[in-house]
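# Structure at a glance
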Amino acid sequence: PGPRGVSKCPLTIPVLDIWPFRSPLVIADYLLPLVAGKSYVEIGARNGDIAACVEPVTAKTTVFEVNHFYCPVLRARSGFEVDCQGLNRENARWALPTADVYFSWVPSPETREMLCTVNRTLVARQASGTFVTWLRSESEPAFLEAWGGRYADKVERVSYDESEYSQSLLDSDCTVGTWNWNEGGQSRFAWGLQGEVIIAHTAVGVNSTSEFCLE
């Protein structure tokens, strides 16, 4: 990432989404060295800003998006394969590619279930990989402790600053009408345009040693 958590992605790609309706763009900056020359799967891509930023350095990028509204935009962004369906325990057995790195962020506790789904699928194939997700640093202490102590092999704190490109998208009013500004009755902008997230790495598949799946 650049100074103060500013992503370098807007220098190379058009930014189509606004935080907090996608992951902070610095997540892509963080992923770049992890996915360079490797196969990469992103689960939950929205309009594909993160995938578009990292795809040029990967050996192969595949994205999954359950909301078909975003699929035409995803398919128009060249370089990665698009699978417009959600992943679950059943269809992952045939739909989920075997890859080196998996990235997903979905509301908890679905993140843990996605982690388990990827792990079970790779174990059945006798394969291994790395699952990466992020957590809000303001999350409940028990939730953070579970990820840091049981689910993740490694956690790191990363600063983000979304103020510049988020404001430019708001000023352009390009797709504001598609956003739910008050999901769950509480404005997600309460999360702040600047802050810190916790990035968690977990080994999945046959090399996994973490306690994140009970069955």
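Conventions we followed
In this convention, every chain numbers its residues from 1, walking through the sequence in written order. Local features are withheld for residues below a pLDDT of 70 in this predicted model, meaning they are given only at 70 or higher, and side-chain atom pairs are given and counted only at 80 or more; totals for whole chains, interfaces and linings count all residues. With hydrogens and water stripped out, all remaining heavy atoms of the structure feed into the side-chain values. Only a pair of cysteine sulfur atoms within 2.5 Å qualifies as a disulfide here. Elements are defined by DSSP. Helices are runs of H or I of four residues or more, strands are runs of E of two residues or more, and each kind is numbered from the N terminus. In this scheme Phe, Tyr and Trp rings, the latter by its six-membered ring, pair at centre separations within 6.5 Å, and the angle between planes marks the pair as stacked below 30 degrees, edge-to-face above 60, and tilted otherwise. Exposure categories follow from relative accessible area, calculated using a 1.4 Å probe and restricted to protein chains: below 20% of the type maximum is buried, above 50% is exposed, and the middle band is partly exposed. Pairing between strands is defined by DSSP: at least two bridges between the two strands are required. Whenever a helix is involved, its axis is fitted only over the stretch in contact; in every case the axis is a line through C-alpha atoms, and angles between N-to-C directions fall within 0 to 180 degrees. The criterion used for residue contact is that any of the two residues' heavy atoms lie within 4.5 Å. pLDDT expresses, on a scale from 0 to 100, how confident the predictor is about each individual residue.

### A look at the state of the cysteines
Scanning the model with the defined rule gives two disulfides in all. Between Cys9 and Cys53 runs a disulfide, and the two sulfur atoms are separated by 2.0 Å. The sign of the S-S torsion, about -85°, decides the handedness of the disulfide formed by Cys9 and Cys53: left-handed. Of the two residues, Cys9 is situated in the segment before helix H1 (26-35) and Cys53 in helix H2 (residues 49-54); the sequence distance between them amounts to 44 residues. In this model Cys71 forms its disulfide with Cys84; the gap between the sulfur atoms is 1.8 Å.

### Quick look at the packing of aromatic side chains
Counted according to the given criterion, the structure contains two aromatic pairs. With 4.7 Å between their ring centres and 10° between their planes, Trp105 and Trp134 make a pair best called stacked. Within this pair, whereas Trp105 is found in the loop between strand E4 (101-104) and helix H5 (110-125), its partner Trp134 is found in strand E5 (residues 128-136), the two being separated by 29 residues in sequence. Given the relative accessible area of 22%, Trp105 is considered partly exposed.

### Focus on unusual backbone geometry
Positive phi values are uncommon outside glycine, yet Arg46 reaches one of about 50°. As for its position among the elements, Arg46 is in the loop between strand E1 (39-43) and H2. Note on Arg46: relative accessible area 13%, which makes it buried.

### Here we look at the sheet that holds strand E3 (residues 81-83)
Spatially, E3-E2-E1-E4-E5-E7-E6 is the arrangement adopted by the seven strands of the open sheet, whose pairing is mixed. For this open sheet the edge positions go to E3 and strand E6 (154-161), each flanked by a neighbour on one side alone. Pairwise comparison of adjacent strand axes, ignoring direction, gives a mean angle of 20° for this sheet. Pairing analysis gives four bridges linking E1 to E4, with the strands arranged parallel. Bridge assignment links Ile43 to a residue of E4, and that residue is Ser104. Seen against the sheet, H5 touches E1, E4, E5 and strand E7 (194-205) and runs at an angle of roughly 25° to E7.

### Description of the confidence of the model for the protein
Where the model shows low pLDDT, its predicted coordinates should not be examined in detail. Per-residue confidence for the protein averages 83 on the pLDDT scale, and 80% of its residues sit at or above 70. Within the model, the stretch residues 172-189 combines pLDDT values under 50 with 26 contacts to residues more than four positions away or in other chains.

### What to know about the pairing of E7
Strand direction decides the pairing type here: E5 and E7, joined by nine bridges, are antiparallel. Pairing of Arg136 across the sheet is with Val197, part of E7. As paired elements, E6 and E7 share eight bridges and run antiparallel to each other. Looking at the pairing, Lys154 lines up with His201 of E7.

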